[in-house]
Amino acid sequence: MEIFGIPHQAFLGQLMLGLVNGAFYAMLSLGLAVIFGLLDIVNFAHGALYMLGAFAAWIMLDKWGVNYWFALILAPLAVGILGVAIERLFLKHLYGLDPLYGLLLTFGLALIFEGVMRDQFGVSGQSYPVPELLSGATNLGFMILPNYRAFVVLASLVVCLGTWYLIERTRLGAYLRAGTENAKLVQAFGVNVPLMVMLTYGAGAALAGLAGVLAAPIIQVNPLMGSNLIIVVFAVVVIGGMGSIMGSIVTGLGLGIVEGLTRVFYPEASNVVVFVVMVVVLMIRPAGLFGKEA
């Protein structure tokens, strides 16, 4: 059986691979969108935080025998605490300034984190085993579906939609949005805005760390894994609309699928198709697909 002249196993396999990549794009771009949308910070350290999440899981397993399921909680928590420290030590001094200052600061932090990890672990990748509960694959009849990859897609959807609901549909999300629009007015109602801002950046960092833990059993854990991905993720955020939560989720998943299908029909373009889409979208709608026109 063939689909558009391609054996269906190859077609569906690339589609699944694209969906998995899209899940990572969605989670990382979600964290970026949360931080930019609520704090107006272009967080170039996001890729490094993703890398640190993966390394945290690997170190926990290698040094202390902490299994995947505990690492799935502890590693994002550790990265989130690091995010809180970054916000308190550095970023709080940049609020209200040109976003370029935040971009340059977080870019510098990303280089520092990457340099430290390269010095400690080198550039060769470290393997992380797939948890036993999710090992193997399931025969769906029309394709063989690796259990862990299916789990990654499902976990990503749950986290992304849960974050969207929290920010867009709950009272806490309303406080966050109001606090970034008029901090003094919200503080007058007894809301601790600086604490909310600090925890928001920490939560965005934790999302990056969680994506890193999910990625660890699929790709080699190495210091360059974040820098190889962050440019694509920024393109995803721009296409979806800077600061748009739902735009990041939908665009991340959609572009992962587009990238996977491009590998089937025109492999040479698979590395640039996201940027081609970005150029076309910005020509038609400069604010992005889900962004609001100024």
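Further up the page is the structure itself.
Residues numbered from 1 in each chain as written. Predicted model: local features only at pLDDT ≥ 70, side-chain atom pairs only at ≥ 80, totals over all residues. Heavy atoms only, no water.

Caption draft 1: Structural context of the overall build of the protein. Broken down by element type, the protein carries 11 helices and four strands. Relative to the 2.2 N^0.38 estimate, which gives 19 Å for 294 residues, the radius of gyration of the protein is 19 Å and therefore close to what a compact globule would have. With respect to the three principal axes, the spread of C-alpha positions in the protein is 65 × 50 × 35 Å. Within the protein, contacts between residues separated by at least 24 positions form 77% of all contacts whose residues are at least 6 apart in sequence. Total accessible area on the protein is roughly 14,100 Å²; 68% of this is exposed by carbon and sulfur atoms. (Helix = DSSP H or I, 4+ residues; strand = E, 2+ residues; numbered from the N terminus. Rg over C-alpha atoms; globule rule 2.2 N^0.38 Å. Contact = heavy atoms within 4.5 Å. Areas by Shrake-Rupley, 256 points an atom, 1.4 Å probe, with all protein chains shown as cover.)

Caption draft 2: View of the nonpolar core. In terms of nonpolar packing, the biggest core is built from 93 residues, with Tyr50, Tyr68, Phe151 and Leu214 touching the most fellow members. With 18 residues, the single largest contributor to this core is helix 1 (residues 8–39). Once residues within four sequence positions are removed from consideration, phenylalanine 151 is found in contact with Tyr68, Trp69, Leu72, Leu134 and Leu214. (Core = buried A, V, L, I, M, F, W, Y, C linked by side-chain atoms within 4.5 Å. Buried < 20%, exposed > 50% of the residue type's maximum accessible area, 1.4 Å probe, protein only.)

Caption draft 3: Just the layout of surface pockets, in detail. The space that makes up the largest pocket amounts to roughly 520 Å³. Broken down by element, the lining of the largest pocket gets its largest block of residues, four residues, from helix 1. (1 Å grid on protein atoms, 1.4 Å probe; cavity = no way out; pocket = protein on both sides within 12 Å on 5 of 7 lines; lining within 4 Å. Points joined across faces, edges and corners; volume = space filled by probe spheres on them.)

Caption draft 4: The arrangement of empty space enclosed by the protein in detail. Under the criterion given, the structure shown has two cavities of 30 Å³ or more. As a volume, the largest cavity reaches approximately 40 Å³. Considering the residues around the largest cavity, the lining is formed by Leu32, Ala33, Phe36, Ile41, Val42, Asn43, Phe234, Val237 and Met242. Elements with a minimum of two residues in the lining of the largest cavity: helix 1 and helix 9 (227–240). For the lining of the largest cavity, the element with the most residues is helix 1, which contributes three residues. Considering only residue class, the lining of the largest cavity consists of eight nonpolar, one polar and no charged. (Nonpolar A, V, L, I, M, F, W, Y, C, P; charged D, E, K, R; others polar.)

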